[in-house]
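Next come the chains, spelled out residue by residue.
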2 protein chains.
Amino acid sequence: MKRIALDMDQVMADLVAKFLNRFNKEFDKNYTKADLIGKRLPELDEEAPQALYNYYGDPTFFRDLPVIPHSVEVVERLSEHYEIYIATAAMEVPPSFTAKFEWLQQFFPTIPQHQYVFCGDKSVIQADYLVDDTALQLNRFKGTGVMFTAPHNSNMDYPIRVNDWLEVEQFFMDELKK
Amino acid sequence: MKRIALDMDQVMADLVAKFLNRFNKEFDKNYTKADLIGKRLPELDEEAPQALYNYYGDPTFFRDLPVIPHSVEVVERLSEHYEIYIATAAMEVPPSFTAKFEWLQQFFPTIPQHQYVFCGDKSVIQADYLVDDTALQLNRFKGTGVMFTAPHNSNMDYPIRVNDWLEVEQFFMDELKK
């Protein structure tokens, strides 16, 4: 059975939605995901870097991120054909450890916890595939990278791209036929 | 540069020393490491499984484990020749996340935090070598396993064994000549 490693933020968990919701309320703004095309979160607004720093220091921030549509059922179906591991760069945000762990237990109870990985540099992940929104991590990874579309990467060229979870499923079902 | 992944408990951090100290005080016993030869911690005494369960639920338990002798300076010297990653099965003990992170920052400040990995099953680690005391993890690992002697594994046969950190250094300096 081949192994797929899944990034969490912007692949399984909608970090951008939570960030925009909180930021817009706090600063009385109306930003949408369209304002983040080609940009990382700190580049959204001059207040964004400090706001982000504050949110990341809050140990509950990552606990209630919305689940990206169709991820739960596609992960469940792919689990019949692939080993599913989680690979999240949690070392960049140490206050998020417990929230990320509990979020996975709540929304993805079919993935056993010994298949969770909290890391920094994803070159350390031994898997056949990595689904991630971050080009830097995909480029470091030794296996096949699959770019999951997020506003910040939507203008980038990357050899394998999926735009949503139904495309994730299609890609991996096609891979089985090779 | 080749990459070495290092287990924490019983390789860098003396979990057994802390456990025995606390257990002996609590139950008025005088166990030593010799009593753990060939045994996992829960097998020490009929009170041990419940005590261990309680200690592992304490988020401070892993924060002040003694550092295994010579590990700090040998890691520093090996860093000149190898990439050093941490690979700890923290997913088995989620309350330990913050304590393990802070312990590494305190005692091994030369290892960048993006090179820490909190995982469960170490087959997910992409590295050339894994130094670990647990045969199961060494056997799952895809690279070269190096067994670090601990009481529980001291009677096991394993192709590459090191008994202390000076032997770790010797082994890896010899590997450079190959």
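Above this text you will find the structure in question.
Note that the coordinates shown come from a computational prediction; the quantities given were computed from them, not determined experimentally.

Engineer: With reference to specific residues and values, describe the overall build of chain A.
Structural biologist: Regarding its fold elements, chain A presents six helices and six strands. Mapped in sequence order, the helices and strands of chain A form the string β-α-α-α-β-α-β-β-α-β-β-α. Over its C-alpha atoms chain A spans a radius of gyration of 16 Å, differing by no more than 12% from the 16 Å that the globule rule assigns to 178 residues. Once the C-alpha set of chain A is aligned to its principal axes, its extents read approximately 50 × 35 × 30 Å. Counting only residues that meet the buried cut, chain A has 53% of its 178 residues in that class. Once local pairs closer than 6 in sequence are excluded, the contacts in chain A between residues at least 24 apart make up 63%. Accessible surface, chain A: about 8100 Å² in total, of which carbon and sulfur atoms supply 50%. Of the charged side chains in chain A, 18 are positive and 28 negative; the average position of the first set lies 2 Å away from that of the second.

Engineer: Just give me the short version of the relation of the copies chain B and chain A, but keep the residues and values in it.
Structural biologist: Rotating chain B by 180° and translating it 0.0 Å along the rotation axis places it on chain A, where the RMSD comes to 0.0 Å. Read as a symmetry element, the transformation amounts to a two-fold axis. Comparing interface residues between copies, 100% of those in chain B also sit at the interface in chain A, which points to an isologous, same-surface contact.

Engineer: So what's going on with the packing of aromatic side chains? Residues and values would help.
Structural biologist: Note on aromatic pairs: each is described by the distance of the centres and the angle between the planes. Residues and elements named next belong to chain A. In total, this model carries 41 aromatic pairs over all chains according to the counting rule given. Measuring from ring centre to ring centre gives 6.2 Å for Tyr129 and Phe171, while their planes differ by 90°; the resulting arrangement is edge-to-face. A residue pair is termed long-range when its members are at least 10 positions apart, and Tyr129 in strand 4 (residues 129–132) and Phe171 in helix 6 (residues 165–176) qualify at 42 residues. Taking relative accessible area as the criterion, Tyr129 reaches 5% and is therefore assigned buried. Among the aromatic side chains, those forming a connected cluster through ring pairs are Phe19, Phe23, Phe27, Tyr31, Tyr55, Tyr56, Phe61 and Phe62.

Engineer: Any details on the packing of helix 1 (residues 15–27) of chain B against helix 2 (residues 48–56) of chain B? Residues and values, ideally.
Structural biologist: Residue and element names in this part refer to chain B. Helix 2 packs onto helix 1 with a crossing angle of 115° between their chain directions and a minimal axis gap of 11 Å. When you trace helix 1 past helix 2, the crossing you get is right-handed. On helix 2, the residues touching Leu15, Phe19, Arg22, Phe23, Glu26 and Phe27 of helix 1 are Ala48, Ala51, Leu52, Tyr55 and Tyr56. In terms of residue class, the contact of helix 1 with helix 2 is made up of nine nonpolar, no polar and two charged.

Engineer: Could you give me a rundown of the interface of chain B and chain A, with the residues and numbers involved?
Structural biologist: The partner chain A presents 20 residues to the 20 residues of chain B that form the contact. Carbon and sulfur atoms supply 62% of the area that chain B and chain A bury against each other, a total of about 1900 Å² over both sides. Of all residues in chain B, Met91, Val124 and Gln126 of chain B bury the most surface against chain A, accounting for 32% of the area lost on that side. Summed over the shared surface of chain B and chain A, the result is zero salt bridges. Where chain B touches chain A, the interface holds 11 residue pairs in polar contact (both at pLDDT 80 or more). At the level of elements, helix 4 (97–107) and strand 3 (116–118) of chain B are the ones that each hand at least two residues to the side of chain B that touches chain A. A breakdown of the residues in the side of chain B that touches chain A according to their chemical character gives 11 nonpolar, six polar and three charged.

Cut-off values and rules
Residues numbered from 1 in each chain as written. Chains lettered and ligands numbered in written order. Predicted model: local features only at pLDDT ≥ 70, side-chain atom pairs only at ≥ 80, totals over all residues. Heavy atoms only, no water. Helix = DSSP H or I, 4+ residues; strand = E, 2+ residues; numbered from the N terminus. Rg over C-alpha atoms; globule rule 2.2 N^0.38 Å. Buried < 20%, exposed > 50% of the residue type's maximum accessible area, 1.4 Å probe, protein only. Contact = heavy atoms within 4.5 Å. Areas by Shrake-Rupley, 256 points an atom, 1.4 Å probe, with all protein chains shown as cover. Lys, Arg positive; Asp, Glu negative; His and termini not counted. Charge placed at Lys NZ, Arg CZ, Asp CG, Glu CD. Least-squares fit on C-alpha atoms with pLDDT ≥ 70 in both. Phe/Tyr/Trp six-rings, centres within 6.5 Å; stacked < 30°, edge-to-face > 60°. Axes fitted to C-alpha atoms, helices over the stretch in contact; angles between N-to-C directions. Left-handed = near helix turned anticlockwise from the far one by under 90°. Nonpolar A, V, L, I, M, F, W, Y, C, P; charged D, E, K, R; others polar. Buried area = accessible area lost by both parts, 1.4 Å probe. Salt bridge = Lys/Arg side-chain N within 4 Å of Asp/Glu carboxyl O. Polar contact = N/O pair within 3.5 Å; in protein donor to acceptor, adjacent residues only side chain to side chain.

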